[in-house]
Amino acid sequence: MSDPSLFASPLARQAARNLHTVEWLSGNNIWRSDWFCRQYFWSTRRMMARTPDEAAAWLPALAFAVSREKYPAVLAEFARWTLPEPLPPEALPWRDRLIQVWEQYRPATAWEKNIRLAALVRLDRRAERLPEWLREARRALDLGWYNRHLRLAALAGWRPRPGDAPPHGDKAEAAQAWVRFWEERYRTPCSEVDGLIAAAALLHLAEAGWLPSGPSPERLREEFRQRVQQLLFSYHEQSVLRMVLSSVPADASAPERRQQDIREWLKLTHENVQWEKREAVWDMLAAWQREGILERCGISLVPDLARALKWEQHGEVLLAMAGYVPRLAEVSTRPEAARAVVAHWETRSRDDYWEFSLAAWVARWNLRRAGGLTAEEQGRFGADYVDGVKFEPAATALLTLAQITPPGTFPLATWAGRLSDQGDGHRLAAHLAIHGWLVEVMEGASGEWRVASGSSRLATRQYGQFPELPLRLAITRRQVRQALRRAGQEGAGNRPVAPFVNLPPEVWPDFRRLHEIETALAAGQMPSPDAGAGNRPIPRTVPARLPETQPRTAPPGITDRTTGRTTGSEPPARHPFPEAGRHE
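Residues numbered from 1 in each chain as written. Predicted model: local features only at pLDDT ≥ 70, side-chain atom pairs only at ≥ 80, totals over all residues. Heavy atoms only, no water.

**A few points about the overall build of the chain**
- Scanning the chain from N- to C-terminus turns up 29 helices and 4 strands.
- Within the chain, the proportion of its 584 residues that are buried is 59%.
- For the chain, the computed accessible surface area is about 22900 Å², with 52% contributed by carbon and sulfur atoms. (Helix = DSSP H or I, 4+ residues; strand = E, 2+ residues; numbered from the N terminus. Buried < 20%, exposed > 50% of the residue type's maximum accessible area, 1.4 Å probe, protein only. Areas by Shrake-Rupley, 256 points an atom, 1.4 Å probe, with all protein chains shown as cover.)

**Some thoughts on the side chain of Gln39**
- Topologically, Gln39 is positioned in helix α3 (residues 35-47).
- For Gln39, the contacting residues outside a window of four places in its chain are Ala73, Val74 and Glu77. (Contact = heavy atoms within 4.5 Å.)

**Some thoughts on the pattern of salt bridges**
- Tallying each qualifying case throughout the model produces 40 salt bridges.
- Close ionic contact of Arg225 with Asp261 constitutes a salt bridge, the shortest N to O distance being 2.6 Å. Here the residue Arg225 occupies a position in helix α13 (residues 217-230), and Asp261 occupies one in helix α15 (residues 255-266), the gap between them amounting to 36 residues.
- Between Arg278 and Glu312 there is a salt bridge; the shortest N-O distance is 2.8 Å. In this pair, Arg278 sits in helix α16 (residues 275-290) while Glu312 sits in the loop between α18 (302-309) and α19 (315-322), placing the two residues 34 residues apart along the sequence. (Salt bridge = Lys/Arg side-chain N within 4 Å of Asp/Glu carboxyl O.)

**Regarding the packing of aromatic side chains**
- Summed over all chains, the structure comprises 23 aromatic pairs.
- Ring centres of Trp42 and Phe78 lie 5.2 Å apart, and the angle between their planes is 80°; on these two criteria the pair is classed as edge-to-face. Here Trp42, found in helix α3, pairs with Phe78, found in helix α6 (residues 72-79); they are 36 residues apart in sequence, far enough to count as distant. Side by side, Trp42 and Phe78 carry an identical accessibility label, which is buried.
- Just above the ring of Phe181 sits the side chain of Arg185; from NZ or CZ to the centre is 5.0 Å.
- Positioned over the ring face of Phe381 is Arg368, at 5.6 Å from the centre of the ring. (Phe/Tyr/Trp six-rings, centres within 6.5 Å; stacked < 30°, edge-to-face > 60°. Lys NZ or Arg CZ within 6 Å of the ring centre and 35° of its normal.)

**Side note on the nonpolar core**
- Counting residues in hydrophobic clusters, the biggest one holds 166 residues, and the most contacted among them are Trp42, Trp182, Trp345 and Trp415.
- The element contributing the most residues to this core is helix α12 (residues 192-207), with 11 residues. (Core = buried A, V, L, I, M, F, W, Y, C linked by side-chain atoms within 4.5 Å.)

**Considering the packing of α15 against α16**
- The geometry of α15 relative to α16 is characterised by a closest axis approach of 10 Å and an angle of 150° between their N-to-C directions. By the criterion of interaxial angle, the relationship of α15 to α16 is roughly antiparallel. Of the two possible hands of crossing, α15 and α16 adopt the one that is left-handed. The segment α15 lies against α16, with Asp261, Ile262, Trp265 and Leu266 engaging Val281, Met284, Leu285 and Trp288.
- Classifying every residue of the contact of α15 with α16 by side-chain character gives 7 nonpolar, no polar and 1 charged. (Axes fitted to C-alpha atoms, helices over the stretch in contact; angles between N-to-C directions. Parallel < 35°, antiparallel > 145°, perpendicular 65-115°, else oblique. Left-handed = near helix turned anticlockwise from the far one by under 90°. Nonpolar A, V, L, I, M, F, W, Y, C, P; charged D, E, K, R; others polar.)

**Some words on the environment of Lys390**
- Tracing the backbone shows Lys390 in helix α23 (residues 375-391).
- For Lys390, a relative accessible area of 43% translates into the label partly exposed.
- Placed 26 residues apart in sequence, Lys390 and Ala416 show a C-alpha to C-alpha distance of 10.0 Å.
- Discounting residues that sit within four places of it in the chain, Lys390 has contacts with Thr414 and Arg418.

**Details of the confidence of the model for the chain**
- For the chain, the mean per-residue pLDDT works out to 80, and 78% of the residues sit at or above 70.
- Confidence over residues 487-502 falls short of pLDDT 50; this stretch has 46 contacts with residues more than four positions distant or in other chains.
- In this model, residues 537-584 is a region of pLDDT below 50 whose contacts with residues beyond four sequence positions or in other chains number 196 contacts. (pLDDT = per-residue confidence, 0-100.)

**Details of the packing of α18 against helix α21 (residues 335-349)**
- Orientation of α18 relative to α21, taken along the N-to-C sense of each, is 35°, at an axis distance of 8 Å. When the axes of α18 and α21 are compared, the crossing they make is left-handed. On the side of α18, the interface is formed by Val302, Pro303, Leu305, Ala306 and Leu309, while α21 contributes Ala337, Ala338, Ala340, Val341, His344, Trp345 and Arg348.
- Here the residues of the contact of α18 with α21 sort into 10 nonpolar, 1 polar and 1 charged.

**Topic: the environment of Arg339**
- Position of Arg339 among the secondary structure elements: in helix α21.
- What makes Arg339 partly exposed here is its relative accessible area of 26%.
- Not counting the four nearest positions on each side in its chain, Arg339 is found in contact with Val331, Gly372, Leu373, Thr374 and Glu377.

**A look at α6**
- Buried residues dominate α6, accounting for 7 of its 8 residues.
- For α6, every residue scored as buried is listed here: Pro72, Ala73, Val74, Leu75, Glu77, Phe78 and Ala79.
- Against α3, α5 (59-68), α7 (92-104) and α8 (110-123) lie the buried residues of α6.

**Notes on helix α11 (residues 172-187)**
- Given a rise of 1.5 Å per residue, 16 residues ought to cover 22 Å, and the 22 Å separating the end C-alpha atoms of α11 matches this to within 8%.
- Those residues of α11 that sit buried are Ala172, Ala174, Ala175, Ala177, Trp178, Val179, Phe181, Trp182, Arg185 and Tyr186.
- Contacts made by the buried residues of α11 are with α9 (130-140), α10 (145-156), α12 and α13. (Expected span 1.5 Å × (residues − 1).)

**Considering unusual backbone geometry**
- Cis geometry marks the peptide bond from Glu85 to Pro86, where omega comes out at -5°.
- For Pro86, the position within the fold is in the loop between α6 and α7.

Pasting the structure below:
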């Protein structure tokens, strides 16, 4: 019987790499003990450019991470992730498993319950869940103002699925009660924030055609924006603002009206506006850009981005701005503004302040992924990357660099030098980068060959296709052993992982596990738990993320099913991934 992993789709292979990376990280003591590191790993991961397929490929990894996470700030990052519409059929079981993990999560605080609800109402948009959401909304009215706002903001993010008409028959009563609840909050809000939340909830219902006799979507959208503009949000209400704005889709009306709506939102990114609003609005606009909405209505925010970068000094706002990835058409039609954006991000990436450098590297990577850099800028990207690996003092910024594939040859010796750093986070970043490079060398050199496949027929075929493979793997083996010696993880002896490959035995379990995950996903199943994880030394060598096999000028990636083009990509007690019920 043939190995399913030999016929795995690019989506399944990328999902396997992402899940394997997060599995490895969760087995690392540094990762488990540093919630700050985890939070910024996931926030930067969320802002890095993703095609719809790349976003879907993170679903298994997200499900695993949610099942292991206990810190609310990190859970909040998971709840902010958005999914492409429609999901590829191959990814539907992965989404169902993510829903199941959130269902099984037992919140210890009201904040954690709010986060759990925010994730579930966005992931599971079936009208059958409305009675449950309505009960939670009514209970929220008895809470104190802070938890009431958060609970209602989480529930207001529910939107009917595309094409879902208002239910009829027995199901109609719950849907009508849901509409009445928000109409009452809209007409007689307990506070201005309650009114804002109700306007967002009704906007979702109006745009789906569930308010035939209520306010129009245009009126609700304008009122919602005006409320955001007029309200002064406290630090504690920042999460409310993020929740409601991230749930609001772009105007679906005529392009002229949509352009006006976007221009009005842009006014809330100006210097005299509260930074919490600037961050939430840039995050929303960047999400619309990734969905292609701005391009379809002929709007480019590159000049606005260039102007804002001159004065913006808040790290969270900069990270939201880094998620805005100009399209090639924007770069070519506005070359001066595009070059100014690149120059600003280059300067910020060399800044000593960690939030500036972290956001700037996310932005530079996104620009490179989008093809928005000239040859000269690409050269500076590579040189600055190596300098950053050598000298970056902040562990969070270094962890961002570890998720980036540099142009040219992978600087293995430079990364290996960081393995001896005193800072735990710096060593974790170095391990992450090196192991990712190692996995791509193995997979890239052998094409269809999969590590630990044990198939001599496959090995023979691939050996014939790649006559240079023995030399490349021999070089890799020497480099890997040198890196392992630097990490104090050198073992005794060499034995083959596959018939023609010698690798240090320390890396065998990781490659075998990657193969197990890929085989399960390729067969349409969820991988079983890693039975050998508890017997491995921690930290293990380093995890899998797609690095370099040889000098390259374009970023790595998987094929976007919507365009056919290949674009770049990257990616603790209940993991078993049992088969989950479909949520269709």
